[in-house]
Amino acid sequence: MKSLEDLLGEIDRDELDRRICSHPKPRTSREFVCPECEARCTRLLNKDGEAGHAKGCSRRLRRTGSVRKPPMLTDGGESQ
């Protein structure tokens, strides 16, 4: 296994920044990149759930069977 110093010696600063900022790639057949949050997510073994979605992704709560409701828009006045 290479040391951190050896790895940093093989790449320049631009390549290091690109690797840090790049989106994760799926590594197994159950992993996929979410089209909404662009996180690397995993299909659970029960075939109905997904884990790994980013906070704020509408698909995040599918793991528990819940459905995320969009926030209610108001004019800032009192509710009736």
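Residues numbered from 1 in each chain as written. Predicted model: local features only at pLDDT ≥ 70, side-chain atom pairs only at ≥ 80, totals over all residues. Heavy atoms only, no water.

S.K.: Just to check I follow, could you spell out the pairing of strand S2 (residues 40-43) for this structure?
M.R.: For a regular strand, side-chain orientation follows a simple rule: the groups alternate between the two sheet faces. Pairing analysis gives 3 bridges linking strand S1 (residues 31-33) to S2, with the strands arranged antiparallel. Bridging from a neighbouring strand, Glu31 pairs with Thr42 of S2. With antiparallel pairing between neighbouring strands as the criterion, S1 and S2 make up a hairpin whose turn holds 6 residues, including Glu38 at a positive phi of roughly 60 degrees. The sheet contact formed by S2 and strand S3 (residues 50-51) spans 2 bridges and is antiparallel. What sits directly across from Arg43, in S3, is Glu50. (Pairing = 2+ DSSP bridges. Helix = DSSP H or I, 4+ residues; strand = E, 2+ residues; numbered from the N terminus.)

S.K.: Which parts of the structure should I look at to understand the sheet that holds S2?
M.R.: What links the strands of a sheet is backbone hydrogen bonding, and the strands pair in either a parallel or an antiparallel sense. In spatial order, the strands read S1-S2-S3; together these 3 strands make up an open sheet with antiparallel pairing. A strand with exactly one partner marks an edge of an open sheet, and here the two such strands are S1 and S3.

S.K.: I would appreciate a short explanation of the state of the cysteines in the present structure.
M.R.: By definition, a disulfide links the sulfur atoms of two cysteine residues through a covalent bond. For the coordinates displayed, the defined rule picks out 0 disulfides. The thiol sulfur of Cys37 is not disulfide-bonded, and the nearest other cysteine sulfur, from Cys34, lies at 3.6 Å. Classification of Cys37 by relative accessible area gives partly exposed; the value is 22%. Free of any disulfide, Cys57 has its nearest cysteine sulfur in Cys37, 3.8 Å distant. (Disulfide = S-S within 2.5 Å. Buried < 20%, exposed > 50% of the residue type's maximum accessible area, 1.4 Å probe, protein only.)

S.K.: Explain the confidence of the model for the chain to me, please; I cannot follow it from the model alone.
M.R.: The predicted coordinates should not be examined in detail at positions where pLDDT is low. Averaged over the chain, the pLDDT score is 76; the fraction of residues at 70 or greater is 72%. Mean pLDDT values for the elements of the chain range from 77 in helix H1 (residues 4-10) up to 89 in S1. (pLDDT = per-residue confidence, 0-100.)

S.K.: What exactly am I supposed to notice about unusual backbone geometry here?
M.R.: Across the chain, the bulk of peptide bonds are trans and the bulk of non-glycine residues have phi less than zero. Even without glycine at this site, Glu38 takes up a positive phi of about 60 degrees. Along the polypeptide, Glu38 turns up in the loop between S1 and S2. Residue classification places Glu38 among the partly exposed positions, given a relative accessible area of 40%.

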